[in-house]
Amino acid sequence: MSRTRYYTASSLDGYIATDDHSLAWLLSRDIEDDGPMNHGDFMAGIGAVAMGASSFTWIRGQLGQDQWPYAVPCWVFTHGSAEPPRPGVLPDADLRFVQGDVAAVHSEMVAAAGGGDVWIVGGGDLAGQFADAGLLDEVNVQIAPVTLGSGAPLLPRHLELRLAEVDRNGEFACLRFDVV
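Throughout this document, residue positions are counted from 1 along each chain, in the order its sequence is written. Reporting of local features is limited, given that this is a predicted model, to residues whose pLDDT is at least 70; pairs of side-chain atoms are given and counted only at 80 or more, and all residues count toward the totals for whole chains, interfaces and linings. To obtain the side-chain values, all non-hydrogen atoms of the structure were included, while hydrogens and water were left out.

### Considering helix H4 (residues 103–113)
For step 1, the next point in the chain: Burial classification: accessible surface area is computed with a 1.4 Å probe over protein chains only, and a residue below 20% of its type maximum counts as buried, one above 50% as exposed, and the rest as partly exposed. Numbering of helices and strands starts at the N terminus; helices are DSSP runs of H or I of at least 4 residues and strands are runs of E of at least 2. Of the residues making up H4, those classed as buried are Val 105, His 106, Met 109 and Ala 113. Buried residues along H4 cover an arc of 125° about the axis, so they all sit on one side. Exposed and oriented more than 90 degrees from the buried face of H4 are Ala 104, Ser 107 and Ala 111.
For step 2, the next point in the chain: Contacts: residue pairs with any heavy atoms within 4.5 Å of one another. Against the buried residues of H4 lie strand E1 (4–11), strand E3 (46–52), strand E4 (74–77), strand E5 (95–98), strand E6 (117–121) and helix H5 (124–132).
For step 3, the next point in the chain: Phi turns positive, to about 55°, at Gly 114, one or two residues after H4. Picture the helix axis, draw a direction to every C-beta atom, and the arc is the one those directions span.

### Things to note about the pattern of salt bridges
For step 1, the next point in the chain: By definition here, a salt bridge exists when the distance from a side-chain nitrogen of Lys or Arg to a carboxyl oxygen of Asp or Glu is within 4 Å. Counted by the stated rule, this structure contains 12 salt bridges.
For step 2, the next point in the chain: Between Arg 5 and Glu 138 there is a salt bridge; the shortest N-O distance is 2.7 Å. Here Glu 138 lies in strand E7 (residues 138–144) and Arg 5 lies in strand E1, a separation of 133 residues in the sequence. Of the two residues, Arg 5 and Glu 138, neither departs from the other in class, the shared state being buried.

### As for helix H3 (residues 53–63)
For step 1, the next point in the chain: Buried within H3 are the following residues: Ala 53, Ser 55, Phe 56, Ile 59 and Arg 60. Down the axis of H3, the buried side of the element spans an arc of 165°, and every buried residue falls inside it.
For step 2, the next point in the chain: Residues of H3 that are buried sit in contact with E3, E4, E5 and E6.

### Remarks on the environment of Ser 55
For step 1, the next point in the chain: Examined against the element boundaries, Ser 55 turns out to sit in helix H3.
For step 2, the next point in the chain: Separated by 67 residues in the primary sequence, Ser 55 and Gly 122 place their C-alpha atoms 6.1 Å from one another.
For step 3, the next point in the chain: In this view, Ser 55 contacts Val 121, Gly 122 and Gly 123; residues no more than four positions away in its chain are not counted.

Dropping the structure here:
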């Protein structure tokens, strides 16, 4: 059975990116590629991805306009602020640009995941929209030993969670919560 999971990293004070969408604070941290709650093991269970326009734009800026990191279908939730790549630029990427209510496309994402999980990438507000609709099952957060003071919040909503797992990977405290 597919689960919808928000997997991300956060500063100690609860921000996933700086005010200017930078992740430099995160990318400079020590983490073991094969350590507890690592990204590779997480990705092995993912069948579909959902992200906001800011995450899509940031990924494209980091990798270059002709590269895409995900081999699974990806829904990009946008308010018109992210444009699909020109035809032929990312021929192997299964990108679906959508607007509006997350609940309207969730069943399509689950079906496309083919038994794998749906990953909510970046975007605490997007994860919050899934939670508001009763569609978020799990929150996985790796907390870095740094404070940012402001930025994009981890989850800008009230959300009841139950701690399911605690571990350490490099400099990160790794936590997994079930949504109550």
